[in-house]
Number of protein chains: 2
Amino acid sequence: MNQHLQTVELSKAYRLLNHGPTVLVSAQYENEQNVMAAAWACALELVPAKLSVVLDKSTKTRLLIEKSGYFIIQVPTLKQLKLVQKLGTISQFNDPEKLPHCETPLFKFEGFDLPAVEDCAAWLICELIPEPHNQQEHDLFIGKVVAAYADDRVFRNGHWCYHEADAEWKSLHHVAGGHYYTIGDPVDANWIDP
Amino acid sequence: MNQHLQTVELSKAYRLLNHGPTVLVSAQYENEQNVMAAAWACALELVPAKLSVVLDKSTKTRLLIEKSGYFIIQVPTLKQLKLVQKLGTISQFNDPEKLPHCETPLFKFEGFDLPAVEDCAAWLICELIPEPHNQQEHDLFIGKVVAAYADDRVFRNGHWCYHEADAEWKSLHHVAGGHYYTIGDPVDANWIDP
């Protein structure tokens, strides 16, 4: 296991998503695994930590989550741009070998039989809160965060440190068609009006 | 009306939120108006354009939306940092004069009796899709976007142009306690692997 990987207090897990990054969603059911990119993920509750993610009916990952009831939301980095784009455009329904074709490096957190993507900045392991109406009507899936981890080179003491880390650690914010912005510079509202 | 204000096709309205900015939520019921900041807003559907936003039960804006069935989600800019922070920390329940105390510049779009905040980068006018379970259980409000507008100095032809605009136009991404990151630099996954 990556020595920089640290647990994040569940009460601070929302901070991993608060800045609105594009995420990777991974899931497993029996021997099937998949990972997809998603821009529509959002914190939903502080305590107990919950999040929402929109998963189209055309995605294999959604099917795995519906069967297993678990998934991981992870925050990828600029260094992973190519991987994120591929995972977001290739469907496992069309290419059963999607994960090896995308050269997706996977590992598992102890206690969770779920495919985590290596080299991300943060991981939120979620238990699906089944809500048939939201899932069918809105493609909206709600997860209770049961464990959270981050790489201490970019998230420490409950805070993102993008401004102190190498640029390759920056989060990605998809706009459309493979065009992204990275996260930028820190600004503090308290500096202006203490 | 600001001459730079342009309509945005509803099929592209999701792009206004896709990069995960912190937003301002405004609403009106009869003679009562309010505006609050929110980090947990997210696109939900492409066509018809829908979005979700989490509104705590302690907020006055939520109450106005429940009564009126309409709200505006707007994307503020770095220039508005102080305003965003104030609107996100002061409650109108505690300070009935919140809007003037925050020096909140408001205007109205023709046809919508809703308080829009001047100088934002984009505005999504929403009709509440009432979902009592989501609203009560998750504080989650779903809106159908009925009109969208953007300032053409930073969003043109269906695309954000943060990299071509002055830095003061950058979106804000709240992390915690008045600490934000701005949106950063553009990166294109297609440049790497055409």
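All values derive from a computational prediction rather than experimental measurement.

*Asks:* Looking at this structure, I do not really get the relation of the copies chain B and chain A. What am I missing?
*Replies:* These two copies of the chain differ by a rotation about an axis and a displacement along the same axis. Of the two same-sequence chains, chain B is brought onto chain A (RMSD 0.0 Å, axial shift 0.0 Å) by a rotation of 180°. Such values leave the two copies arranged in the relation of a two-fold axis. The share of interface residues of chain B whose copies in chain A are also at the interface is 100%, consistent with both copies meeting through the same surface.

*Asks:* Please explain the side chain of T182 of chain B as it appears in this structure.
*Replies:* Here T182 of chain B shows up in strand β14 (residues 179–188). Once you skip the residues sitting within four places of it in the chain, T182 of chain B turns out to touch I183, G184, D185 and V187 of chain A together with L78, K170, S171 and H173 of chain B.

*Asks:* Teacher, can you tell me more about the UniProt feature "domain: Flavin reductase like" (unreviewed entry) in chain A here?
*Replies:* According to UniProt, the "domain: Flavin reductase like" (unreviewed entry) feature falls on residues 15–162 of chain A. End C-alpha to end C-alpha, residues 15–162 of chain A measures 13 Å, and it is 20% helix and 39% strand.

*Asks:* Teacher, can you tell me more about the pattern of salt bridges here?
*Replies:* Where charged atoms from two side chains of opposite charge approach closely, those side chains can pair. Inspection of the entire model under this criterion finds 20 salt bridges over all chains. Between R153 of chain A and D151 of chain A there is a salt bridge, with the nearest N and O atoms lying 2.8 Å from each other. Across the pair E66 of chain B and R62 of chain B runs a salt bridge whose closest N-O atoms are separated by 3.2 Å. Pair noted here: E66 of chain B and R62 of chain B are both in helix α1 (residues 60–68), with a separation of four residues, about one helical turn. Sharing partners across several salt bridges, the network here consists of K57, R62, E66 and D139 of chain A.

*Asks:* How should I be thinking about the environment of T104 of chain A in this particular structure?
*Replies:* Residues and elements named next belong to chain A. Structurally, the position occupied by T104 is in the loop between α3 (98–101) and β7 (106–107). On the basis of relative accessibility, which here comes to 13%, the residue T104 falls in the buried class. Distance in space between the C-alpha atoms of T104 and Q80 is 10.0 Å, their sequence separation being 24 residues. With residues up to four places along the chain from it excluded, the contact list for T104 reads V35, L83, L87, L99 and V117. Here the side chain of T104 touches L99 through a polar contact of 2.9 Å, landing on its backbone oxygen.

*Asks:* Help me out: how do you make sense of α1 of chain B in this one?
*Replies:* Three- or four-residue spacings in an α-helix give side chains the same orientation, since the helix completes a turn every 3.6 residues. Residue and element names in this part refer to chain B. Within α1, burial applies to K60, T61, R62, L64 and I65. The inward-facing, buried residues of α1 contact β2 (23–29), β3 (32–38), β6 (70–75), β9 (122–129), α4 (132–138) and β10 (140–151). The backbone nitrogen of R62 has a side-chain oxygen 3.4 Å away, supplied by the residue at the start of α1, namely T59.

*Asks:* Looking at this structure, I do not really get the packing of aromatic side chains. What am I missing?
*Replies:* To describe a pair of aromatic rings, one takes the distance between the centres and the angle between the planes. In total, this model carries 16 aromatic pairs over all chains according to the counting rule given. Residues Y181 of chain A and Y162 of chain B carry aromatic rings whose centres are separated by 5.5 Å and whose planes lie at 80° to one another, so their mutual orientation is edge-to-face. In this pair, Y181 of chain A is assigned in strand β14 (residues 179–188) and Y162 of chain B in the loop between β12 (159–160) and β13 (172–176), connecting two distinct chains. Taken individually, Y181 of chain A and Y162 of chain B each receive the classification buried, so the pair is uniform in this respect. Counting every residue linked through ring pairs, the aromatic cluster contains F107, F109, W123 and Y149 of chain A.

*Asks:* I tried to follow the pairing of strand β9 (residues 122–129) of chain A on my own but got confused; where do I start?
*Replies:* The side chains of a regular strand alternate, first on one face of the sheet and then on the other. All names here are of chain A. Counting buried positions along β9 gives six out of eight residues, so the element sits mostly inside the fold. Relative to β9, strand β6 (residues 70–75) runs antiparallel, the two sharing six bridges. Looking across to β9, one finds that I72 is bridged to I125. Where β9 and strand β10 (residues 140–151) come together, eight bridges link them in antiparallel fashion. Bridging from a neighbouring strand, A122 pairs with A150 of β10.

*Asks:* Looking at this structure, I do not really get the sheet that holds β14 of chain B. What am I missing?
*Replies:* Pairing between sheet strands relies on hydrogen bonds along the backbone, with the strands arranged either parallel or antiparallel. Spatially, the four strands line up as an open sheet ordered β13(A)-β14(A)-β14(B)-β13(B), and their pairing is antiparallel. Looking along the sheet, the strands with just one partner apiece sit at the ends: β13 (172–176) of chain A together with β13 of chain B. Each strand of the sheet is rotated relative to its neighbour by a mean of 40°, with strand direction disregarded. In the sheet, β14 of chain A pairs with β14 of chain B via seven bridges, with the strands oriented antiparallel. Residue pairing across strands places Y181 of chain A opposite P186 of chain B, the latter belonging to β14 of chain B.

*Asks:* Just checking my understanding: could you explain the interface of chain B and chain A for this structure?
*Replies:* Often the size quoted for an interface is simply the accessible area lost on bringing the parts together. Counting residues at the interface gives 50 residues for chain B and 51 residues for chain A. Taking both sides of the interface into account, the surface hidden between chain B and chain A amounts to around 4400 Å²; carbon and sulfur atoms contribute 60%. Together, W40, Y181 and V187 of chain B form the three largest contributors to the area buried by chain B at its contact with chain A, with a combined 18%. Linking chain B to chain A there are zero salt bridges. Our count for the chain B to chain A interface comes out at 31 residue pairs in polar contact (both at pLDDT 80 or more). Counting only elements with at least two residues in the side of chain B that touches chain A, the list comes to β4 (41–45), α2 (81–89), α4, β10, β13, β14 and α5 (189–192) of chain B. Residue contributions to the side of chain B that touches chain A peak at 10 residues, all from β14 of chain B. Counted by class, the side of chain B that touches chain A contains 26 nonpolar, 16 polar and eight charged residues.

Reading the values: the criteria
Residues numbered from 1 in each chain as written. Chains lettered and ligands numbered in written order. Predicted model: local features only at pLDDT ≥ 70, side-chain atom pairs only at ≥ 80, totals over all residues. Heavy atoms only, no water. Least-squares fit on C-alpha atoms with pLDDT ≥ 70 in both. Contact = heavy atoms within 4.5 Å. Helix = DSSP H or I, 4+ residues; strand = E, 2+ residues; numbered from the N terminus. UniProt positions renumbered as here; feature names shortened; annotations may be inferred. Salt bridge = Lys/Arg side-chain N within 4 Å of Asp/Glu carboxyl O. Buried < 20%, exposed > 50% of the residue type's maximum accessible area, 1.4 Å probe, protein only. Polar contact = N/O pair within 3.5 Å; in protein donor to acceptor, adjacent residues only side chain to side chain. Phe/Tyr/Trp six-rings, centres within 6.5 Å; stacked < 30°, edge-to-face > 60°. Pairing = 2+ DSSP bridges. Axes fitted to C-alpha atoms, helices over the stretch in contact; angles between N-to-C directions. Buried area = accessible area lost by both parts, 1.4 Å probe. Nonpolar A, V, L, I, M, F, W, Y, C, P; charged D, E, K, R; others polar.

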